[in-house]
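Fold and geometry: a report
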Amino acid sequence: MNDPERISSAVPVGAAAPDRAPIQPAAPAPAPRPGEPAAASGRAEAVGRRREILYFALRDRKVLVGLGILIVFVAAAVVGPLIRPGDPDAFVGPMAAAPSREWWFGTTTFGQDVFAQFVYGVGSTFLVGLFGGGLAALIGMTVGFVAGYRGGVVDEILNMLTNVVLVIPTLALLLIAAAYLTARGVLVEAVFIGLTSWPWAARAIRAQTFSLNTREFVDLARLTGVPSWRVIFGEIAPNMGSYLFMTFILLFGGAILIAATLDFIGLGPTSGSSLGMMMYNAVAWSALQLGMWWWFIPPGLGITAIVGALYVMNVGLDEIFNPRLRKM
Amino acid sequence: MLTLDRVSKVYKVGTFGGKDLPAVRGVSFEMGPGEVVSLIGESGSGKTTVGKMILRLISVTTGRISIDGTDIATLGGDGLRAYYRTVQGVFQDPFSSFNPMYKADHVLGMMRRQYFSGLADADWLAKVEASLQAVNLDPGQTLHKYPHQLSGGQLQRLLVARALLLDIRYLVADEIISMLDASTRIDVLNLLGELRERGLGILFITHDLSLGNYISDRTVILRRGNVVEMGATAKVFGNPLHPYSRMLIAAAPQLHRKWAAVAAELGAGGGPRPEGCLFHRLYPPDRPAGADGERPTLARAEDDHFVGCVRLDGEGACS
Ligand SMILES: Nc1ncnc2c1ncn2[C@@H]1O[C@H](COP(=O)(O)OP(=O)(O)OP(=O)(O)O)[C@@H](O)[C@H]1O
Ligand SMILES: [Mg+2]
């Protein structure tokens, strides 16, 4: 016993059956019961949950009001151009006419039809919101999910990227872009907004992913050999479905506001029309001083109503997705 | 053979990962087929960390875990899938092991997608039912329910059933008994015994000494990430050498004794023996390190019975 023995991994294993025995329990398999389908994927469950959310969504007044307003504007954007076909910026009417039966929203100083500009502008506003907000949501979710799921060095790099984009002065960037891109459409503007407005979403999603990642069901999926992307989209993302949806709505509204601001200070698209550019033109041609209220009120109200409807919907959805806030 | 060779884990905690938290320090043991090894330790001693490292859910900081000679850190893709076909685990907390968005049988559905995608519905169902039967679960009562509609014990057994779908050779069972009531507990213990008979190696993680004693062939006692004593269960329990294990075993609640009586006895010399550190008597501090420059953390006291230093860090003199 005086001779000490060095041990690192040296515990002999007791009597053991070395060969691999089948471990499957040998209980006789009972016949499958009729009417009881195999324990299958979560598709049916997801559908059930979606239906439940739809049920509550359609009973929530905030969601209904927001949705109603949005539908009215979408309808205007779709139907309007059919009523007033042709170039919305064409000089078609009398100059500086107040609203009348013929010119519903009046005309500009140059005889352009304000109604035609308005419905066209609503369309491009939705376009900017959808593409700009959609792109920002896509980048924000990808960065947030990957950073939160991978952690470590990947997280640090993505975090750095997020912070860099966060502190870039968007306006200065756009001024430079405007100098080089002489012809800019609405889509270019949307892409620009999408590329610069995602950081807060990425941060929020990263934090949520981080906390869900420590839950054991994520480990269990990994232990089953499920690939990373499916762990993220099949296990983690469904747990923050409402959050993702709200992120998109907020990015959507945010993109519209940013676009309106850019348009208003003259950095908007060089071609096409938008609500922000209508306001820019109205102010540039002194509509305010001339008392031509019909030139700037419709676009101003339009932007306010669309963004307001999105935010009201967001509050309502909060109540729907979070069962504890539901009014039963 | 599943081998842990001086495995350590240091968690980075605090802002910017500035602080180190050593959770497991130089743990080595082996587990063969058909063998039940119980890993015993108080809360926070690193048991779950060891289990998760074996399941490759967290990386090892230093050291090596290997199966039949292959370092599991090198596995990836198909190799990892093959590893998970052989080694599976059941986690400590059944409620957090299920995704609340899905029905409980989602954990079985994932298994099917990964490993049995070619199986016909009827065959799959038969397999599931056989597995459920083995853990005493009624398929009609457990399938198609949300996790919150099932009890902790049912969920725990469903997790065991999930692991049994594969022809595994090793099972890491992290406190799987603590959620169960007395009668189910016996059922699951007997199931584990039955599985061992068929050649399954089980790492039975527990803080319950009597359970460890009941089921295991070998015992590893962990304290603050260090192995303080390990060996054949009969030897560790019959003749505990380390003061900590002695205290643990003496302090285990016994049906016929009150704690006050045990405490009095411990205070009266039943506790740490005065003769100092057995490890350093067996392995004097001035003795040169081994061939690879590493100092052992355990000394052999008798056949299949090893003891660590009285001081937890195991560095320098302790007596
Ligand atoms: N992800 C983590 N990050 C940082 N520290 C951790 C992490 N997981 C565990 N720890 C720490 O590591 C130590 C060991 O934890 P572990 O979960 O392995 O203990 P345990 O023995 O399983 O305890 P219990 O019996 O309570 O389950 C604890 O001090 C714990 O705080
Ligand atoms: Mg634990």
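This write-up is about the structure you can find in this document. What you see is a predicted model, and the numbers here were worked out from it, not measured in a lab.

Let's shift gears to the packing of aromatic side chains. Residue and element names in this part refer to chain A. Evaluated as defined, the whole model comprises 10 aromatic pairs over all chains. Note on Phe-105 and Phe-118: the rings are 5.5 Å apart at their centroids and 55° apart in plane angle, and the pair reads as tilted. Of this pair, Phe-105 sits in the loop between helix H2 (61-83) and helix H3 (114-150) while Phe-118 sits in helix H3, placing them 13 residues apart in sequence. Judged by relative accessible area, which is 25%, Phe-105 ranks as partly exposed. On the basis of relative accessibility, which here comes to 9%, the residue Phe-118 falls in the buried class. Taking 5.9 Å as the distance between ring centres and 85° as the angle between the ring planes, the aromatic pair formed by Phe-248 and Phe-252 counts as edge-to-face. Here Phe-252 and Phe-248 lie together in helix H10 (residues 241-264), a separation of four residues that amounts to about one turn. Taking relative accessible area as the criterion, Phe-248 reaches 25% and is therefore assigned partly exposed. Judged by its relative accessible area of 8%, Phe-252 is buried.

We now examine the sheet that holds strand E12 (residues 305-308) of chain B. Residue and element names in this part refer to chain B. In spatial order, the strands read E6-E7-E8-E3-E9-E10-E12-E11; together these eight strands make up an open sheet with mixed pairing. What marks the edges here is a single partner per strand, and that holds for strand E6 (87-90) and strand E11 (298-302). Taken over all neighbouring pairs, the strand axes of this sheet differ in orientation by 20° on average, direction set aside. Sheet topology places E6 next to strand E7 (residues 170-174); four bridges connect them, and they run parallel. By the bridge assignment for E7, Val-87 is matched with Tyr-170.

A few words now on the layout of surface pockets. One way to see where empty space is left: roll a probe the size of a water molecule over the atoms. Taken as a whole, the largest pocket encloses approximately 1800 Å³ of empty space. Lining of the largest pocket is provided by 44 residues; of these, Arg-150 and Gly-151 of chain A together with Lys-9, Leu-57 and Ile-58 of chain B occupy positions nearest its centre. When residues of the lining of the largest pocket are traced back to their parent elements, those giving at least two are H3, helix H4 (152-167), helix H7 (199-213) and helix H8 (216-223) of chain A together with strand E1 (2-13), helix H1 (47-54), strand E4 (62-67) and helix H2 (78-86) of chain B. When the residues that make up the lining of the largest pocket are grouped by side-chain class, the tally is 19 nonpolar, 13 polar and 12 charged.

Residues and elements named next belong to chain B. Those protein atoms acting as donors to the magnesium ion (ligand 2) are Thr-48 (OG1) and Gln-92 (OE1), and they sit at 1.8 to 2.4 Å. Placement of Thr-48 in helix H1 and of Gln-92 in the loop between E6 and helix H3 (106-115) is noted, with a sequence separation of 44 residues between them. Look at Thr-48 and you get partly exposed, because its relative accessible area is 24%.

Let's shift gears to the sheet that holds E1 of chain B. Adjacent strands of a sheet pair through backbone hydrogen bonds, lying either parallel or antiparallel. Residues and elements named next belong to chain B. Across the sheet, four strands lie side by side as E2-E1-E4-E5; this open sheet has antiparallel pairing. Of all strands in the sheet, those with a lone pairing partner are strand E2 (19-31) and strand E5 (70-71), marking the two edges. Where E1 lies against E2, nine bridges are found, and the strand directions are antiparallel. Considered in E2, the bridge of Val-10 is made with Pro-22. Contacts from H1 reach E1, E2 and E4 within the one sheet, and its direction differs from that of E1 by about 115°.

Time to look at H7 of chain A. Residues and elements named next belong to chain A. Taking 1.5 Å of rise per residue, the 15 residues of H7 would be expected to cover 21 Å, and the 21 Å separating its terminal C-alpha atoms lies within 8% of that figure. Those residues of H7 lying buried are Pro-199, Ala-201, Ala-202, Ala-204, Ile-205, Thr-209, Leu-212 and Asn-213. Considering only its buried residues, H7 is in contact with H3, H4, helix H6 (186-196), H8, helix H9 (228-236) and H10.

Bringing the pattern of salt bridges into the picture now. In this structure the tally under the stated criterion is 13 salt bridges over all chains. The residue Asp-20 of chain B makes a salt bridge to Lys-12 of chain B at a minimum N-O spacing of 2.9 Å. Judged by relative accessible area, Asp-20 of chain B falls into the partly exposed class, the value being 46%. For Lys-12 of chain B, a relative accessible area of 58% translates into the label exposed. Look at the salt bridges and you will find they share partners, linking Glu-216, Asp-219 and Arg-222 of chain A together with Lys-52 of chain B into a network.

On to the nonpolar core, then. Ranked by size, the top nonpolar core spans 77 residues in total, and within it Phe-29, Ile-54, Tyr-83, Leu-203 and Phe-204 of chain B carry the most contacts. Ranked by residues supplied to this core, first place goes to helix H6 (residues 152-164) of chain B with seven residues. Residues lining this core come from more than one domain, with at least three contributed by each of domain 1 (1-86 + 168-239) and domain 2 (102-167) of chain B. When near neighbours in sequence (up to four residues on either side) are disregarded, Ile-54 of chain B contacts Leu-2, Leu-4, Ile-65, Ile-72, Tyr-83, Val-87, Val-172 and Leu-203 of chain B. Core analysis: the second largest hydrophobic core is formed by 32 residues, Phe-56, Ala-57, Val-63 and Val-122 of chain A among them.

Bringing the environment of Ser-97 of chain B into the picture now. You can see Ser-97 of chain B is positioned in the loop between E6 and H3. On the basis of relative accessibility, which here comes to 1%, the residue Ser-97 of chain B falls in the buried class. Distance in space between the C-alpha atoms of Ser-97 of chain B and Arg-198 of chain B is 27 Å, their sequence separation being 101 residues. The contacts of Ser-97 of chain B, once residues within four sequence positions are left out, are Glu-216, Phe-217 and Leu-220 of chain A together with Phe-91, Val-107 and Leu-159 of chain B. Within the structure, the side chain of Ser-97 of chain B is placed 2.8 Å from the backbone oxygen of Asp-93 of chain B, a separation counted as a polar contact.

Attention now moves to H8 of chain A. For H8 of chain A, a buried count of seven out of eight residues is recorded, marking the element as mostly surrounded by other parts of the structure. Buried within H8 of chain A we find Glu-216, Phe-217, Val-218, Asp-219, Leu-220, Ala-221 and Leu-223 of chain A.

A word on a nonpolar patch on the surface. A contiguous nonpolar patch, built from Val-74, Val-78, Val-79, Ile-83 and Trp-104 of chain A and spanning about 430 Å² of accessible area, is present on the exposed surface. Considering the arrangement of structural elements, one finds Trp-104 of chain A in the loop between H2 and H3.

It is worth spelling out empty space enclosed by the protein at this point. Residues and elements named next belong to chain A. Counted under the stated rule, the structure contains three cavities of 30 Å³ or more. Around the largest cavity sit Ser-124, Thr-125, Val-128, Glu-189, Ile-256, Ala-259, Ala-260, Asp-263, Ser-274, Leu-275, Gly-276 and Ile-303, which together line it. Residue assignment for the lining of the largest cavity shows that the elements contributing at least two residues are H3, H10 and helix H11 (275-284). The volume enclosed by the second largest cavity comes to roughly 50 Å³. At the level of secondary structure, the elements contributing two or more residues to the lining of the second largest cavity comprise H3, H4 and H7. With four residues, the single largest contributor to the lining of the second largest cavity is H4. Here the residues of the lining of the second largest cavity sort into four nonpolar, three polar and three charged.

Rules behind the numbers
Residues numbered from 1 in each chain as written. Chains lettered and ligands numbered in written order. Predicted model: local features only at pLDDT ≥ 70, side-chain atom pairs only at ≥ 80, totals over all residues. Heavy atoms only, no water. Phe/Tyr/Trp six-rings, centres within 6.5 Å; stacked < 30°, edge-to-face > 60°. Helix = DSSP H or I, 4+ residues; strand = E, 2+ residues; numbered from the N terminus. Buried < 20%, exposed > 50% of the residue type's maximum accessible area, 1.4 Å probe, protein only. Pairing = 2+ DSSP bridges. Axes fitted to C-alpha atoms, helices over the stretch in contact; angles between N-to-C directions. 1 Å grid on protein atoms, 1.4 Å probe; cavity = no way out; pocket = protein on both sides within 12 Å on 5 of 7 lines; lining within 4 Å. Points joined across faces, edges and corners; volume = space filled by probe spheres on them. Nonpolar A, V, L, I, M, F, W, Y, C, P; charged D, E, K, R; others polar. Donors = N, O, S within 2.8 Å, 3.2 Å for Na, K, Ca; no water. Contact = heavy atoms within 4.5 Å. Expected span 1.5 Å × (residues − 1). Salt bridge = Lys/Arg side-chain N within 4 Å of Asp/Glu carboxyl O. Core = buried A, V, L, I, M, F, W, Y, C linked by side-chain atoms within 4.5 Å. Domains from an automatic or database assignment. Polar contact = N/O pair within 3.5 Å; in protein donor to acceptor, adjacent residues only side chain to side chain. Patch = residues over 30% accessible without salt bridge, like charges linked within 9 Å, V, L, I, M, F, W, Y side chains within 5 Å. Areas by Shrake-Rupley, 256 points an atom, 1.4 Å probe, with all protein chains shown as cover.

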